Amino acid sequence: MNQLDLNAFERLVDIHGSDLDRWPAALRESVDEVLRTTDAQRLLRQSQALDALLNDVPVPATAGRDMRGRILGSVRVREAGWVDGFLDWIAYGSWGLRPAALALVPLLIGLGLGLGMNPTSTDDSLADEFTLLAFEHIEDYDDAQ
Amino acid sequence: MTAVTTHDASAFTRLIDRHLEPLRAFLYRTCGNAADAEELAQETFLRLWRQAHRWQPGRVRFTTWLYRIGRNLAIDGFRKHREQTTEVLPEPVDEGHALDTALERSRLQARVRRAIAQLPERQRTALLLCHYQGMSNVEAAAVLEVSIDALESLLSRARRALKLALKADIDYQMEGS
């Protein structure tokens, strides 16, 4: 086996790992010859040692209890609130409709403000206040008389 | 998954039962913190539920989609925190004392975790998906949204970097075997 073959073998071990049973069948057959050399055997043992180290790192148990329950609970809370639902839709909903919906928000706010500032109703309330003030003065005048 | 797209809660529960633990393990190895991994796993399933209608069967595998969401959330979290909070066991106070086997093993595990954490994100994810999650190179490439050649290059570089970082421990293991 020349140097290139050893490099190619090392690359294959790095890509597919040290467990030859997990390699694609076609590749497995091609390495039988290579593995007769001590260099290739050393590379494989080195990779097996690395895999053993990786496999010995544990994942700690779940710290919080009942993760499934918490996920399902969060889903129910989200579903219950229409505000959250709307915010979720703004954040994650259809890309096509989101800009249109966002553009609609200031339009609706503008409409609301416009209706709130009805000039007719404002004039009426001012007229009423002036009328009351006028009667107040007349009463004062009558008392003085 | 098809049932989940119509917001079928029992189907969603079955998906959680099947995929929560492997996903949590992947996220723990990605971010190096158990509490963050749980939070990320929870958020991944919430996103999955909210966006279920967007999943198209035949276009992308469910696991590919799930791990893609989880990875993206982990990257976002990493950007927010700026630095990872890897849980590393404290060093013993007196190096001169004889270390028992359990402590030595814990320290070795911490070194391996640190070596994994120091890999560039894409190399680390490629390694985690293929080695720990048992994904094929095709599946892992789909999660990372890269070609299979690129995935194989990431894997190769990741394992070479780990062999270099853990050379003393690997040599020790080889002597013992």
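The present account deals with the structure reproduced in this document. (Residues numbered from 1 in each chain as written. Chains lettered and ligands numbered in written order. Predicted model: local features only at pLDDT ≥ 70, side-chain atom pairs only at ≥ 80, totals over all residues.)

We now examine the overall build of chain B. Broken down by element type, chain B carries 8 helices and 0 strands. Secondary structure elements in chain B, listed N-terminal to C-terminal, are α-α-α-α-α-α-α-α. Every one of the 177 residues in chain B was classed for burial, and the buried ones make up 32%. When contacts within chain B are restricted to residue pairs at least 6 apart in sequence, those whose partners lie at least 24 apart make up 65%. (Helix = DSSP H or I, 4+ residues; strand = E, 2+ residues; numbered from the N terminus. Buried ≥ 20, exposed ≤ 12 C-beta atoms within 10 Å, placed from the backbone. Contact = placed C-beta atoms within 7 Å.)

Right, let's get into the overall build of chain A. In terms of helices and strands, chain A carries 7 helices and 0 strands. Across chain A, helices and strands are ordered from the amino to the carboxyl terminus as α-α-α-α-α-α-α. For chain A, buried positions account for 11% of its 145 residues. Put simply, 56% of the contacts in chain A that link residues at least 6 apart link residues at least 24 apart.

Glancing now at the interface of chain A and chain B. At the interface, 27 residues of chain A touch 33 residues of chain B. Looking at the side of chain A that touches chain B, the elements with two or more residues in it are α1 (3–16), α3 (38–55), α4 (67–80) and α5 (82–92) of chain A. Tallied by class, residues from the side of chain A that touches chain B come to 15 nonpolar, 5 polar and 7 charged. (Nonpolar A, V, L, I, M, F, W, Y, C, P; charged D, E, K, R; others polar.)

What follows deals with the packing of helix α1 (residues 9–31) of chain B against helix α5 (residues 121–132) of chain B. Residues and elements named next belong to chain B. Where α1 contacts α5, the axes come no closer than 10 Å and their chain directions differ by 145 degrees. The handedness of the crossing between α1 and α5 comes out as right-handed. Where α1 approaches α5, its residues Ala25, Phe26, Arg29 and Thr30 are matched on the opposing element by Thr125, Leu128 and Tyr132. Taken together, the residues that form the contact of α1 with α5 break down as 4 nonpolar, 2 polar and 1 charged. (Axes fitted to C-alpha atoms, helices over the stretch in contact; angles between N-to-C directions. Left-handed = near helix turned anticlockwise from the far one by under 90°.)

With that settled, consider the environment of Leu48 of chain B. All names here are of chain B. Among the structural elements, Leu48 can be located in helix α2 (residues 34–50). Between the alpha carbons of Leu48 and Leu27 there is a distance of 16 Å; along the sequence they are 21 residues apart. Discounting residues that sit within four places of it in the chain, Leu48 has contacts with Leu66 and Ile69.

Time to look at the nonpolar core. Counting 54 residues, the largest nonpolar core has Leu27, Ala126, Leu129, Ala140 and Leu155 of chain B as its most contacted members. The leading source of residues in this core is α1 of chain B, at 8 residues. (Core = buried A, V, L, I, M, F, W, Y, C linked by C-beta atoms within 7 Å.)

All names here are of chain A. Within the fold, Ala52 resides in helix α3. Taking the number of C-beta atoms within 10 Å as the measure of exposure, Ala52 has 15 and is therefore partly exposed. For the pair formed by Ala52 and Glu29, sequence separation is 23 residues and the distance between their alpha carbons is 24 Å.

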